[in-house]
Amino acid sequence: MNRRLQAVADSHQAPQASTSSARNSVSPTKRDVSYDPYASSSSASPKASASPKKSLLDVLRPPSPTKAAIPRLAPLTLTNPAMVAKHVPCTMHLNVLPPELACSLFHAMVQESQGWCRNQWYLFDRMVESPHKTSFFVRHKDRVEGDKSYEEAASMWYNGRPNPPPKDFLPEMEAACEIIERVVSEQFALRKRYPLEWGGKGPDGQLWRANFAASNCYTGRNESVGFHSDQLTYLGPYATIASLSLGTTRTFRLRETIPKEETSTRQAQTFNIPLAHNSLTIMHATCQEYFKHSVPPQPALDVFRPLFPPEPDMPNEPSNIRINLTFRFYRPDFHPSSIPRCKCNVPMILRPDMKGRPKKGDEQRREIKYWWTCYAAAQNEGKGCNLWKVMDARAEGRGPFVGDQPGFLESV
Ligand SMILES: O=C(O)CCC(=O)C(=O)O
Ligand SMILES: [Fe+2]
């Protein structure tokens, strides 16, 4: 992909960048191979291509000592759950489902994925398309399935593009989800909580529950998703996302966004995590605030050989497909009816101020900010009103929050 386009697509955390997308590895659609949003007649002129003149002092001045002092960090592959937990705000749970369920869910999703779409949206004035297929499911629980306002919310999953209503969880998804909810709950008991996390409980007393799931299908080694952090519009701050991998192993790549205050003192490290069949990666609180993640194209793939065939008397065909299901909790206090709309009358999206976040060690003293930003441009031929505002969770009537619970302050 065009490197400038990738850079633009990656820079979506600032409020001004409302033209870019949440799920932002893009391939310009149809014939658009040489797309360059920055290309202009002046940059193409012979003048602009001549090498820029430097002053003698610039040439003689030694390189800045702070820049030279920051070590470049080589990418690190996190090959086991202990390494994952040590380096990133994620946990890895191998062989999370009974093997037969993992296989039947894989086969059912591969079958379903034939009807899934590629995400399409505008980046500036060009239509772009995600290099993998995606779909969205609602759970028959929690009263969200009868709530029509979630249909618009579901369309935000497709970058604001109107789509058919979300589908119901398949029986295999429901079975998997019950197991996954238990794993997430166990983790909640072990982890530090953040004040703006949801402080309520589900109908069965759960701290976290999945009421929606987004699915992705990657066929072959080239299908991918570029670096992004997930929109927090309906998940709220410090979201927990439980991501199940089925089928062919692919690499999950994480890279920290270094706060502005620290760019002269430390560099971001890239982490690669192999996502095996039947593994659950939980992206815990701060993963969307501090890190971007991607599933990059890769030079080669090991085909997946399912343990069980789709039907008892069918052959056990190898597959080059990876299915990903991200189980998500849409918070009641971020109900679609409570999401602010911009001047284009489109729900705004919620993003953390990743660059402006507190530096390491200051997180307890200074809260990260979140922005509501206009997202109309993703569909409206790249045009939006660019409205943005800082989220004020309490003034907006959100909560209850973990931070309001008695004893929270003493526990941090
Ligand atoms: O396929 C994956 O593991 C990641 C998918 C993802 O980042 C997303 O759906 O937001
Ligand atoms: Fe994501």
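Residues numbered from 1 in each chain as written. Chains lettered and ligands numbered in written order. Predicted model: local features only at pLDDT ≥ 70, side-chain atom pairs only at ≥ 80, totals over all residues.

The name given to the chain in an unreviewed UniProt entry is Fe2OG dioxygenase domain-containing protein, with Exidia glandulosa HHB12029 as the source organism.

Participant: What is the right way to look at the sheet that holds strand S15 (residues 349-352) in this model?
Facilitator: Through backbone hydrogen bonds, the strands of a sheet pair up, either in parallel or in antiparallel fashion. If you walk across this open sheet you meet the three strands as S15-S16-S17, and the pairing is antiparallel. Every interior strand has two partners, whereas the edge strands, S15 and strand S17 (388-390), have only one. Shown here is a sheet whose adjacent strand axes are inclined to one another by a mean of 25 degrees, direction ignored. Inspection of the sheet shows S15 paired to strand S16 (residues 370-373) by four bridges, in the antiparallel sense. Each bridged residue has a counterpart across the sheet, and for Pro352 the counterpart in S16 is Tyr370. (Pairing = 2+ DSSP bridges. Helix = DSSP H or I, 4+ residues; strand = E, 2+ residues; numbered from the N terminus. Axes fitted to C-alpha atoms, helices over the stretch in contact; angles between N-to-C directions.)

Participant: Just to check I follow, could you spell out unusual backbone geometry for this structure?
Facilitator: Glycine aside, residues mostly have negative phi, and peptide bonds are mostly found in the trans state. A cis amide bond links Gly399 to the next residue, Pro400, at an omega of 5 degrees. Note on placement: Pro400 falls in the loop between S17 and helix H11 (408-411). If you check the backbone angles, Asn386 has positive phi at about 60 degrees while not being a glycine. Take Asn386: it is sitting in the loop between S16 and S17. When the 17 C-beta atoms within 10 Å are taken as the criterion, Asn386 is described as partly exposed. (Buried ≥ 20, exposed ≤ 12 C-beta atoms within 10 Å, placed from the backbone.)

Participant: So what exactly am I meant to see when it comes to the pairing of strand S3 (residues 90-93) here?
Facilitator: Regular strands place side chains that alternate from one sheet face to the opposite one. By the alternation rule, side chains of S3 split into Cys90 and Met92 and Thr91 and His93, which are all buried. Of the strand pairs in this sheet, S3 and strand S12 (residues 279-283) are connected by four bridges, and their pairing is antiparallel. Residue pairing for S12: His93 is matched across the bridge by Leu280.

Participant: Explain the environment of Tyr375 to me, please; I cannot follow it from the model alone.
Facilitator: Mapped onto the elements, Tyr375 comes out in the loop between S16 and S17. Sequence separation between Tyr375 and Gly160 is 215 residues; the distance between their C-alpha atoms is 7.7 Å.

Participant: Just checking my understanding: could you explain the site of ligand 1 for this structure?
Facilitator: Taken together, the neighbourhood of ligand 1 is formed by eleven residues, with Asn216, Asp230, Val295, Asn324 and Thr326 sitting nearest. Contributions of two or more residues to the shell around ligand 1 are made by strand S7 (212-219), strand S13 (291-295) and strand S14 (321-328). Of the residues belonging to the shell around ligand 1, the class tally is four nonpolar, five polar and two charged. (Near = placed C-beta within 6 Å. Nonpolar A, V, L, I, M, F, W, Y, C, P; charged D, E, K, R; others polar.)

Participant: In this structure, what is going on with the confidence of the model for the chain? I would like to understand it.
Facilitator: The predicted coordinates of low-pLDDT regions are not to be read in fine detail. Across the chain, the average pLDDT comes to 83, with 81% of residues at 70 or higher. Considering only residues more than four positions removed or in separate chains, one finds that residues 1-50, a stretch of pLDDT under 50, has 97 contacts. In the model output, the complex is listed with pTM 0.84 alongside ipTM 0.99. (pLDDT = per-residue confidence, 0-100. Contact = placed C-beta atoms within 7 Å.)

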